[in-house]
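Chains, contacts and geometry: an overview
Given next are the chains, with one letter for each unit.
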Amino acid sequence: LDSGETGRSEFDELLESAVLDALLPGRGVTAFTFDATVSETNQVSEDSVQGSSVGWNNFTHGYGKTWPKVPWTAYQWLMTREELEDNFGEDIGTKVKLTVEGKEHTMSEDSESGRAPADSDGVKFAEVWQIWDKATKRVITVSPGYPTGPLKDLPDPLNLQGFFNCPAPLRFVAKTSSLIP
């Protein structure tokens, strides 16, 4: 879990972040991605699982009294024009409207949430939502700044038993009627 690579969170950092978010606002979220290098002959030469903290205010989910009943989860990200083009290609990335001013949505320097960096005063971002839909087993990425359709629509990228790329959010005060903190 701790590869020691620059730019990757260590497992302890992920847990600390989740615990703090669970203690203060009531919900701690950690998500995981899978990265692989695949050759032209479809051979995997390198692969890794990478964890990241998700700000409690950058995560939402559909209604369910228990985690297995939740139909979808969604993550909010703020992306610059360059990040949009890197993630969705130049054809789509240049057409997404940048509607969020950086100073309105700042984060602390040690946060990995989808909020804008503290030094982003004057920088414009696009609001992007990545939705994991368990019913259709698809990951759909949309933006209010691109109303013509999804930015990306992928079939189940991880083939996990529970579909979602995150465990149930960490909560210290559980309610029997809802998962909302």
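How each quantity is defined
- Residues numbered from 1 in each chain as written.
- Predicted model: local features only at pLDDT ≥ 70, side-chain atom pairs only at ≥ 80, totals over all residues.
- Heavy atoms only, no water.
- pLDDT = per-residue confidence, 0-100.
- Contact = heavy atoms within 4.5 Å.
- Helix = DSSP H or I, 4+ residues; strand = E, 2+ residues; numbered from the N terminus.
- Polar contact = N/O pair within 3.5 Å; in protein donor to acceptor, adjacent residues only side chain to side chain.
- Core = buried A, V, L, I, M, F, W, Y, C linked by side-chain atoms within 4.5 Å.
- Buried < 20%, exposed > 50% of the residue type's maximum accessible area, 1.4 Å probe, protein only.
- Expected span 1.5 Å × (residues − 1).
- Arc of directions from axis to C-beta.

1. Structural notes on the confidence of the model for the protein chain
Within the protein chain, residue pLDDT values average 81, and 82% of them lie at 70 or more. Counting interchain partners and residues more than four positions distant, the pLDDT-below-50 stretch residues 106–113 has 17 contacts.

2. Considerations on the side chain of Asn58
Checked against the element boundaries, Asn58 lands in the loop between strand E2 (44–54) and strand E3 (59–61). A distance of 2.9 Å separates the side chain of Asn58 from the side chain of Gln76, its partner in a polar contact.

3. Comments concerning the nonpolar core
By size, the foremost hydrophobic cluster in this structure holds 13 residues, and its most contacted members are Val54, Phe59, Trp67, Tyr75, Trp132, Phe164 and Cys166. If we ignore the near neighbours within four places in the chain, the residues touching Tyr75 are Val29, Ala31, Val54, Asn58, Phe59, Val128, Trp129, Gln130, Trp132, Asn165 and Cys166. One finds Phe88, Val96, Val128 and Leu151 within the second-largest nonpolar core, a separate group that totals nine residues.

4. Thoughts on helix H1 (residues 11–23)
Its 13 residues give H1 an end-to-end C-alpha distance of 18 Å, which sits within 8% of 18 Å, the value for a rise of 1.5 Å per residue. Along H1, the residues that are buried comprise Leu14, Ala18, Asp21 and Ala22. Angularly, the buried residues of H1 cover 100° about the axis, an arc narrow enough to put them on a single face. When the buried face of H1 is taken as reference, the exposed residues oriented beyond 90 degrees from it are Asp12, Glu16 and Leu23.

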